[in-house]
Amino acid sequence: MKKIGVLTSGGDAPGMNAAIRAVVRKAIYHDVEVYGVKYGYQGLMEGNIEKMDLGSVGDIIQRGGTILATARSDEFKTDDGQHQAIEQMKKLGIEGLVVIGGDGSFRGAQKLSAKGFPCIGVPGTIDNDIPGTDFTIGFDTSLNTVLEAIDKVRDTATSHERTYIIETMGRDAGDLALWAGLAGGAESIIIPETTEEFSDICNRLERGRERGKKHSIIVLAEGVGNGFEYGERIKEETNLETRVTVLGYIQRGGTPTAQDRVLASRLGARAVELLLDGKANRMVGIKNNDLVDHEIDTILSEKHFINKEMYNLSKELSI
Ligand code: F6P
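The rules behind the values
Residues numbered from 1 in each chain as written. Predicted model: local features only at pLDDT ≥ 70, side-chain atom pairs only at ≥ 80, totals over all residues. Heavy atoms only, no water. Near = heavy atom within 4 Å. Polar contact = N/O pair within 3.5 Å; in protein donor to acceptor, adjacent residues only side chain to side chain. Areas by Shrake-Rupley, 256 points an atom, 1.4 Å probe, with all protein chains shown as cover. Nonpolar A, V, L, I, M, F, W, Y, C, P; charged D, E, K, R; others polar. Domains from an automatic or database assignment. UniProt positions renumbered as here; feature names shortened; annotations may be inferred. Buried < 20%, exposed > 50% of the residue type's maximum accessible area, 1.4 Å probe, protein only. Contact = heavy atoms within 4.5 Å. Buried area = accessible area lost by both parts, 1.4 Å probe. Salt bridge = Lys/Arg side-chain N within 4 Å of Asp/Glu carboxyl O. pLDDT = per-residue confidence, 0-100. Pairing = 2+ DSSP bridges. Helix = DSSP H or I, 4+ residues; strand = E, 2+ residues; numbered from the N terminus. Axes fitted to C-alpha atoms, helices over the stretch in contact; angles between N-to-C directions. Right-handed = clockwise from strand over helix to strand, strands pointing away. Parallel < 35°, antiparallel > 145°, perpendicular 65-115°, else oblique. Left-handed = near helix turned anticlockwise from the far one by under 90°.

## Quick look at the site of the ligand
Right, so step 1: Around the ligand, a shell composed of Arg72, Thr125, Ile126, Asp127, Met169, Gly170, Arg171, Glu222, Tyr249 and Arg252 is seen.
Right, so step 2: Note that an oxygen atom of the ligand is positioned 3.0 Å from one of the side-chain N or O atoms of Arg72.
Right, so step 3: One of the side-chain N or O atoms of Arg171 is found 3.5 Å from an oxygen atom in the ligand.
Right, so step 4: Here the ligand loses 78% of its free accessible area of 400 Å² to cover by the protein chains.
Right, so step 5: Residues of the shell around the ligand, tallied by class, amount to 3 nonpolar, 2 polar and 5 charged.
Right, so step 6: In this structure, the shell around the ligand is formed jointly by two domains, domain 1 (3-138 + 256-301) and domain 2 (140-252), each of which donates at least three residues.

Structure, rendered in structure tokens:
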């Protein structure tokens, strides 16, 4: 393989730039030319593709977002869109593609691989909801952003003796809320993967109030429901003064942590190795700090699970 492409797709995540850098530099290290695709699969279909060199990825390892930009494309989901994308790459002599993104992005990589165009997936999403890897690129940075917000809200919660709901991102996944809630000492963590009776949440708040607790923090993943509605219900049920903070897109930005940069560098470089080894339709990941790779079909047929032990611990520590 003498020419490969790289794109980012779906929601951006801090550390994607470090992954792009690793793909580009690893490929050039092996005398392989690299082409950067702008705006994900949409840009791929439209031929928005540029040759990259060592300098194209200089000074980006510390930057959030993605220099290749990203998009979600409905047109690419069609057979025609996928053929068009392959034609654009063939025109330039590109023989393999690294796709950095989440499960939606891997569905695209699966389709292209099935049409004979080798793709390797690199998991990049703040949600940490991809099976086959302990961590996804962006999760650690986002987690630290949420934790910083919890610590700050805690200051004002103590001063005013209020209950605060902090709503995190995570469409179908509770990892961000769970990890940040445990690290931030939240009284309750409400995530889509578990069910807790609303009355139990209120009882815990009331028990805290009875023993003189001045404030409470509840971390809620957006996948469960609307933070403001939860706030209203809690206020009605407990009569506690309740406020809500929705963290929103600040969770997707910022300088990637060391953890994310290292992860992105390792995963990006391994993706190139797999392509050069003639592999296709695989996703790279990390398990117990070792690099692994799996068939994308397997990844897409599995479900990500939260760490139950952590969830139970969070409950035990917030009695
Ligand atoms: O998948 C990452 C994520 O940030 C989710 O946590 C969130 O629900 C979604 O993307 C938001 O997507 P969009 O950028 O399309 O609003």
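What follows picks up the thread again.
## So, the UniProt feature "binding site: ATP" (unreviewed entry) in the protein chain
Right, so step 1: Annotation from UniProt places "binding site: ATP" (unreviewed entry) at Gly11, Arg72, Ser73, Gly102, Asp103, Gly104 and Ser105. Annotated residues spanning 95 residues; largest pairwise C-alpha distance 13.7 Å, indicating a single compact cluster.
Right, so step 2: Take Asp103: its relative accessible area is 36%, and that puts it in the partly exposed class.
Right, so step 3: Ignoring anything within four residues of it in the chain, the contact list for Asp103 reads Ile130 and Leu300.

## Brief notes about the domain arrangement of the protein chain
Much of the literature gives interface size as the accessible area that the parts lose upon coming together.
Right, so step 1: Taken domain by domain, the protein chain consists of domain 1 (3-138 + 256-301) and domain 2 (140-252).
Right, so step 2: Domain 1 puts 15 residues into the contact, and the matching count from domain 2 is 13 residues.
Right, so step 3: Summed over both sides, the interface of domain 1 with domain 2 buries roughly 1100 Å², with 51% coming from carbon and sulfur.
Right, so step 4: The largest share of the area that domain 1 buries against domain 2 comes from Ile126, Asp127 and Thr257, three residues that together contribute 41% of it.
Right, so step 5: Between the two partners, domain 1 and domain 2, sit 1 salt bridge.
Right, so step 6: A salt bridge links Asp12 to Arg252; the nearest nitrogen and oxygen atoms lie 2.7 Å apart.
Right, so step 7: Counting every contact that joins domain 1 to domain 2 gives 9 residue pairs in polar contact (both at pLDDT 80 or more).
Right, so step 8: In terms of residue class, the side of domain 1 that touches domain 2 is made up of 5 nonpolar, 5 polar and 5 charged.

## Comments concerning the confidence of the model for the protein chain
Right, so step 1: Taken residue by residue, the protein chain gives an average pLDDT of 96. The fraction at 70 or more is 100%.
Right, so step 2: Both scores are available for the predicted complex, with the pTM at 0.97 and the ipTM at 0.96.

## Some remarks on the sheet that holds strand β7 (residues 188-190)
Right, so step 1: Read from one edge to the other, the open sheet built from 4 strands follows the order β7-β8-β6-β9, with strand pairing classed as parallel. Two strands bound the open sheet, and with one partner strand each, they are β7 and β9 (242-246). For this sheet, the mean inter-axis angle between neighbouring strands, taken without regard to orientation, is 20°.
Right, so step 2: Inspection of the sheet shows strand β6 (residues 163-168) paired to strand β8 (residues 216-221) by 6 bridges, in the parallel sense. Note that in β8 the partner of Ile166 across the bridge is Val219.
Right, so step 3: Each of β6, β7, β8 and β9 is contacted by helix α8 (residues 227-238), which is oriented at about 170° to β9, the strand it contacts most.

## A word on the sheet that holds strand β10 (residues 282-287)
Right, so step 1: One open sheet holds the 7 strands; their spatial order is β3-β2-β1-β4-β5-β10-β11, and the pairing between them is mixed. The open sheet has two edge strands with one neighbour each: β3 (49-52) and β11 (290-295). For this sheet, the mean inter-axis angle between neighbouring strands, taken without regard to orientation, is 30°.
Right, so step 2: Of the strand pairs in this sheet, strand β4 (residues 96-101) and strand β5 (residues 119-123) are connected by 5 bridges, and their pairing is parallel. Bridge pairing in β5 places Val99 opposite Gly121.

## Concerning the pairing of β5
Right, so step 1: Here β5 lies mainly inside the structure; 5 of its 5 residues are buried.
Right, so step 2: On β5, burial covers both faces: Cys119, Gly121 and Pro123 on one face and Ile120 and Val122 on the other are all buried.
Right, so step 3: Regarding the hand of the β-α-β motif, the stretch spanning β4, helix α4 (residues 103-114) and β5 is right-handed.
Right, so step 4: Pairing between β5 and β10: 2 bridges, direction parallel. Counted as the bridge partner of Gly121 is Met283 from β10.

## Structural notes on the packing of helix α5 (residues 139-160) against helix α6 (residues 175-183)
Right, so step 1: Between α5 and α6, whose axes approach to 9 Å, the crossing angle comes to 50°. Considering the angle they form, α5 stands oblique to α6. The way α5 lies across α6 gives a crossing that is right-handed. Every residue of α6 that contacts α5 at Phe139, Ser142, Leu143, Val146, Leu147 and Ile150 is listed here: Asp175, Leu176, Trp179, Ala180, Gly181 and Ala183.
Right, so step 2: Broken down by class, the residue content of the contact of α5 with α6 amounts to 9 nonpolar, 2 polar and 1 charged.

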